[in-house]
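Each chain, letter by letter, is given below.
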Amino acid sequence: MFARLLISTFAAALLAPLAVQAQALAGPAPWKEGTHYFLVEPAVPSESDDGKVEVAEVFSYGCPACNFFYPAIDKLRKALPANAVMRYVPASFNANEDWPMFQRAYLAAQALGIADKSHDAMFDAVWKPNAPLATMNPDGRTLKKPLPSLEDAAKWYAEHYGVKAEDFVATANSFAINAKMKRADAFLKATQTESTPTIVVGGKYRFNPNSAGGEDKVVPLTLYLIQLAAGGK
């Protein structure tokens, strides 16, 4: 009996720092609904079929703020607990800056199984100096004419990820991708997402880096909202 008690006490002492760390990260926290995050009503059903809480980033490769934010999203993805999963939802609402093309390209890459490994590199292909898929002229103020085409994106994916450009274009223009584009647009409408980047947790809570209070607050706020979503609140 004494030995079991001693082991239990020792295990509790080992786990205590982890519990303190989790409490510091996820709650209680100074998060206020309507200020730091916003309720999505009605809640949007998850696409995850394993019961995990879905953490969705609404983004576009053509969005300069998303380009600056993607290292923070990488950090968030690595910090997610076992009961949560990351999802990326490409937006299309800024047609003047080529977002519909980038939406189609991301969904095609996803269908071909190369979206995850090409995701960060695609931002670099749009925003690095002399980027092959840049939407802005070197002056940083004016848009290129013409903007990058789907064929340009297909060529880039073919050069770096081993798919055939013609297969990429065919996939991107398929009925399945058209349907996924409509679902992505519907997700934005249902979650009242009007800017990028935006994070939606469990289909119930929406926030962006500004409402959270800065990029350094994105991880702890997300962990807090995962707890709420998992608890059915």
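Residues numbered from 1 in each chain as written. Predicted model: local features only at pLDDT ≥ 70, side-chain atom pairs only at ≥ 80, totals over all residues. Heavy atoms only, no water.

**Concerning the packing of aromatic side chains**
To be explicit about the condition: Pairing of aromatic rings covers Phe, Tyr and Trp, the last counted by its six-membered ring, and requires centre-to-centre distances within 6.5 Å; plane angles under 30 degrees mean stacked, over 60 mean edge-to-face, and any other angle means tilted. Lysine NZ or arginine CZ positioned within 6 Å of the ring centre and within 35 degrees of the ring normal marks a charge as sitting over the ring.
In total, this model carries 15 aromatic pairs according to the counting rule given. Taken together, the aromatic side chains of F59, Y61, Y70, Y88, F102, Y106 and F123 make up a single cluster linked through ring pairs. It is R87 that lies over the ring of F187; its NZ or CZ is 4.8 Å from the centre.

**Quick word on the nonpolar core**
Note the cut-off: For the purposes of this section, nonpolar cores are sets of buried Ala, Val, Leu, Ile, Met, Phe, Trp, Tyr and Cys residues that join through side-chain atoms within 4.5 Å. Buried means the residue's accessible area, taken with a 1.4 Å probe over protein chains only, is under 20% of the maximum for its type, while exposed means over 50%, and partly exposed covers the values in between. Residues are treated as being in contact if the distance between any of their heavy atoms lies within 4.5 Å.
Y37, Y61, L76, Y157, F168, F207 and L225 are the most contacted members of the largest nonpolar core, which totals 68 residues. Setting aside its immediate chain neighbours within four residues, Y37 contacts W31, K32, Y205, R206, F207, L221, Y224, L225 and L228.

**What about the pairing of strand β3 (residues 84-90)?**
Stated formally: Only DSSP runs of H or I with at least four residues qualify as helices, and only runs of E with at least two residues qualify as strands; both kinds are numbered from the N terminus onward. Between any two strands, pairing holds if DSSP finds at least two bridges. Whether a crossover is right-handed comes down to one check: with the strands pointing away from the viewer, does the path from the first strand over the helix to the second run clockwise; if it does, it is right-handed.
Of all seven residues that make up β3, six are buried, and the element is covered over most of its length. By the bridge criterion, seven bridges tie strand β2 (residues 53-59) to β3 in an arrangement that is parallel. If you follow E57 over to β3, its bridge partner there is Y88. Following the chain from β2 across helix α2 (residues 64-79) to the adjacent parallel β3, one finds a crossover that is right-handed.

**Regarding the pattern of salt bridges**
Stated precisely, the cut-off is as follows: Only one rule defines a salt bridge in this text: a Lys or Arg side-chain nitrogen within 4 Å of an Asp or Glu carboxyl oxygen.
Taken as a whole and assessed by the stated rule, the structure comprises four salt bridges. Where E47 meets R87, a salt bridge forms, and the shortest distance between an N and an O atom there is 3.1 Å. Of the two residues, E47 sits in the loop between β1 (38-39) and β2 while R87 sits in strand β3, which places them 40 residues apart along the sequence. Note that K217 is salt-bridged to D216, the shortest N-O span being 3.0 Å. Accessibility expressed as a relative area gives 31% for K217, which makes it partly exposed. You can call D216 exposed: its relative accessible area is 57%.

**Examining the confidence of the model for the chain**
The following threshold applies: Known as pLDDT, the predictor's per-residue confidence is scaled from 0 to 100.
Looking at the chain, the pLDDT average stands at 89 and 87% of residues meet or exceed 70. Ignoring residues within four places in sequence, the model shows residues 1-27, a span with pLDDT below 50, making nine contacts including any to other chains.

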